[in-house]
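Structural overview
Each chain, written out:
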Amino acid sequence: MTSATAPGTPGGFHLYDTTLRDGSQQEGLTLSVADKLAVARLLDELGVTYIEGGWPGAVPRDTEFFARAATELELRTARLAAFGATRKAGVAVGDDPQVRALLDSGAGTITLVAKSDLRHVKAALRTSGEENLAMVRDTVEHLRASGREVIVDAEHFFDGFRDDPDYTTSVVVEAFGAGAAVVVLCDTNGGMLPHDIAAIVDDLRSRLAAAGLPDARLGAHTHNDSGCAVANAVMAVHHGITHVQGCVNGYGERTGNADLITMLADLQLKMGLELVDAETLAEATRIAHAIGEICNMAVPSRAPYVGASAFAHKAGLHASAIRVDPDLYQQIDPRDVGNDMRMIISDMAGRASIELKGRELGFDLAGEGDLLGRLAARVKAREAEGYSYEAADASFELLLLDEMGELPRFFDVESWKASSHFLRDGSLETEATVKVLGIGDAAERSVALAEGNGPVNALDLALRGALRTVHPQVDEFELLDFKVRILDAHHGTDATTRVLVRTSACGIEFQTVGVGPNLIEASWEAISDAYTYGLHRVTR
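Note that the structure is predicted; figures quoted are calculated from it, not measured. (Residues numbered from 1 in each chain as written. Predicted model: local features only at pLDDT ≥ 70, side-chain atom pairs only at ≥ 80, totals over all residues. Heavy atoms only, no water.)

**Some remarks on the sheet that holds strand β4 (residues 109-115)**
Using the following cut-off: Paired strands, in this sense, are two strands between which DSSP finds at least two bridges. Numbering goes from the N terminus for both helices and strands, where a helix is a DSSP run of H or I of at least four residues and a strand is a run of E of at least two. Helix axes are fitted only over the stretch in contact, all axes being lines through C-alpha atoms; the angle between N-to-C directions runs from 0 to 180 degrees. Here a residue-residue contact requires only that any non-hydrogen atoms of the pair lie within 4.5 Å.
Ordered in space as β1-β2-β3-β4-β5-β6-β7-β8, the eight strands form a closed barrel in which the pairing is parallel. This sheet shows a mean twist of 25° between the axes of neighbouring strands, independent of strand direction. Bridge count for strand β3 (residues 79-85) against β4 is five bridges, and the pairing is parallel. Residue pairing across strands places F83 opposite T111, the latter belonging to β4. Lying on the sheet, helix α3 (residues 97-104) is in contact with β3 and β4; it crosses β3 at an angle near 175°. The strands touched by helix α5 (residues 129-145) within the sheet are β3, β4 and β5 (149-155), with β4 carrying the most contacts at an inclination of about 175°.

**Comments concerning the pattern of salt bridges**
Stated formally: Salt-bridge detection follows one rule: a side-chain nitrogen of Lys or Arg within 4 Å of a carboxyl oxygen of Asp or Glu. Throughout this description, buried means an accessible area under 20% of the type-specific maximum (1.4 Å probe, protein chains only), exposed means over 50%, and partly exposed covers the range between.
Scanning the entire structure with this criterion turns up 31 salt bridges. The residue R68 makes a salt bridge to E64 at a minimum N-O spacing of 3.8 Å. In this pair, R68 and E64 are both assigned in helix α2 (residues 60-72), four residues apart and thus about one turn of the helix distant. The class for R68 is partly exposed, based on a relative accessible area of 26%. According to the relative accessible area criterion, E64 is partly exposed, its value standing at 39%. For R87, the salt bridge identified is with E131, shortest N-O distance 2.9 Å. On the criterion of sequence distance, the pair formed by R87 in the loop between β3 and α3 and E131 in helix α5 is long-range, its members being 44 residues apart. One network of salt bridges, in which partners are shared, links R374, R378, D402 and E403.

**Some thoughts on the environment of F396**
Relative to the helices and strands, F396 is located in helix α16 (residues 393-403). By relative accessible area, F396 is classed as buried at 0%. F396 sits 115 residues away from Q511 along the chain, and the two C-alpha atoms are 9.7 Å apart.

**Focus on α5**
In an α-helix, one full turn covers 3.6 residues, which means residues spaced three or four apart are oriented alike. Keep this limit in mind: Working rule for helices: expected span equals 1.5 Å times residues minus one.
An ideal rise of 1.5 Å per residue puts 24 Å on 17 residues; α5 measures up with 24 Å between its terminal C-alpha atoms. Along α5, the positions that sit buried rather than exposed are G129, N132, L133, A134, M135, V136, T139, V140 and L143. Directly after α5, the chain includes G147, whose backbone phi takes a positive value near 85°.

**Section: the state of the cysteines**
Counted only if it meets this: Our working definition of a disulfide is a cysteine sulfur pair at a distance within 2.5 Å.
Enumeration according to the criterion identifies zero disulfides in this entry. C247 takes part in no disulfide bond, and the closest cysteine sulfur to it belongs to C295, at a distance of 9.7 Å. With relative accessibility at 0%, the residue C247 sits in the buried group.

**Things to note about the pairing of strand β2 (residues 50-54)**
Definition in use: By convention, orient the strands away from the viewer: a clockwise path from the first strand over the helix to the second makes the crossover right-handed.
With five of five residues buried, β2 is to be regarded as a mostly interior element. Of the crossover connections in this fold, the one passing from strand β1 (residues 14-17) over helix α1 (residues 33-46) to the parallel β2 is right-handed. By the bridge criterion, four bridges tie β2 to β3 in an arrangement that is parallel. The partner of E52 across the bridge, within β3, is A81.

**A closer look at the packing of α16 against helix α18 (residues 519-539)**
What counts, and what does not: Here the word oblique covers every angle except those under 35 degrees (roughly parallel), over 145 (roughly antiparallel) and from 65 to 115 (roughly perpendicular). Residue polarity is assigned by list, with Asp, Glu, Lys and Arg as charged and Ala, Val, Leu, Ile, Met, Phe, Trp, Tyr, Cys and Pro as nonpolar; anything else, Gly included, falls into the polar class.
Interaxial distance between α16 and α18 falls to 10 Å at its minimum, and their mutual angle equals 75°. When the interaxial angle is binned, α16 and α18 end up roughly perpendicular. Residue-level contacts link A394, S395, E397, L398 and L401 of α16 to D529, T532, Y533 and H536 of α18. Grouping the amino acids of the contact of α16 with α18 by side-chain chemistry returns four nonpolar, three polar and two charged.

**Here's the deal with α3**
Spelled out, the test is: Counting of polar contacts relies on pairs of N or O atoms within 3.5 Å, with two restrictions inside protein: one atom must be capable of donating a hydrogen and the other of accepting it, and residues adjacent in sequence are counted only when both atoms are side-chain atoms.
Within α3, burial applies to Q98, V99, A101, L102 and L103. For α3, the N-terminal capping position is held by D96, with its side-chain oxygen 2.9 Å away from the main-chain nitrogen of Q98. Positive backbone phi, approximately 80°, marks G106, located one or two places after α3.

**Observations regarding the pairing of strand β12 (residues 428-438)**
When strand β11 (residues 411-422) meets β12, the two strands line up antiparallel, connected through eleven bridges. Bridging from a neighbouring strand, A418 pairs with A432 of β12. Between β11 and β12, which pair antiparallel in sequence order, lie five residues; one of them, G426, sits at a positive phi of approximately 90°. Here seven bridges tie β12 to strand β13 (residues 445-451), and the two strands are oriented antiparallel to one another. Across the sheet, E431 pairs through a bridge with E451, a residue of β13.

**Some details on unusual backbone geometry**
Its identity as a non-glycine residue notwithstanding, R254 has a phi of 55°, on the positive side. Residue placement: R254 occurs in the loop between β8 (243-246) and α10 (260-270). Phi at C506 is positive, roughly 55°, even though this residue is not glycine. Residue C506 is classed as partly exposed on the basis of its relative accessible area of 36%.

**Considerations on the nonpolar core**
Definition in use: Each nonpolar core is a collection of buried residues, namely Ala, Val, Leu, Ile, Met, Phe, Trp, Tyr and Cys, held together in the definition by side-chain atoms within 4.5 Å.
The biggest cluster of nonpolar side chains holds 95 residues, and the ones touching the most others in it are F65, F157, V183, L185, L218, L267 and I291. Among the elements that line this core, the one with the most residues is α1, at seven residues. One finds L365, A394, L459 and V499 within the second-largest nonpolar core, a separate group that totals 48 residues.

Structure follows, in structure tokens:
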């Protein structure tokens, strides 16, 4: 595959993002106008060629988006596209309010969805094949006459081509004849497989050549219902398509659209297309997660390239090889997409895993064979008890410091207790008492009582109160997240409990783990370790 010019140039490869329109059709995903503007700015940072902003005239929020974008959105690389439909059957194009709304949006590019499956023309539009062709022709010509670039999305193209390739091809030819810059072949139902894409694209190209359109620009819009959205788009590119549409993080209705960032990385790093600068591609992970935060749809940890687990290694065999050469178990250098390699510590960990994890945390453990052996054995023993260090790097670092004889001590716990009282008025009162002994010069006894919204919150507040006099930094600590896992549910209410706590402290975030025969004991261990680790980090 030869390399292509950058997407911002007229002849370059097109990366077309439809997160703001097709992506927002995902169940549970709702974007305000402010959200859409924020996402659009991030997409522009990613270097996409087009940003599809929505359907003005049909969706009031999208109409407002285009109005505000005119004064609030400064795009560096991308062009803003408005989405809409061809004129209605039996309505003159100049009289169609939806077509007028597309022009009123001010967008320089307009993407039209057009029926290309004759069965849909007859059943959904309830019109003839000839009228549908006229609808495509009239609308494209009308928009072109107004100076707009027009992209035509041939809806249900692949299913339609299988059923009636002659008619489906005639829709594509009509669109190009009317002045469309691109005709996008849509796998609207998401049911195609890569070999289907290859065969149909090749067949269409031969038909277009026979119609005098050998160099017409074709695009691909793929859905993930068969799990092949990205693979189908990549296959389409392999067969000459130079315009791909998708959504960041694979958002979209049903099972989603092709993930635009995965496609970008595949096309640039694997197929040699020069689509964005290397420095821009290295921002992909940051941008994916930033958009996930805005959409309130976190990037799945197992997402290709940008997920937290994309370059995470757990098996000891992998770690031994990675210590010699990281490329032995990684498809690319994680830095190419702005991600990092992570070593996961678990009962599968060997000495190599722990050595690499230590290096990741800032400890040089090379040559420390005895220490590595003791720590590996201790990790496996504790994981057998129910601990998990996969997401609790702070607890693992405390374990490492303990084995090295360098575990910091900021306080000794004399006792703690938590209790809840149901009152006659129907309310529930929860309080906790913590007694600690200071260390070193501040070896004084401190007792704190706190009320909280449940026993865990009360214990957190009481420990903070007991430590505040000697360690005022604790006022900047905040418990951000609290997760509970029942490890042996068949034991019922006396099952072992694992608690994972995420804490912020003076600008850093970390996670600690606790395990115990009851929820409160496990929570106390995770919380007290969080204060120990937090104080260690902010005072060293």
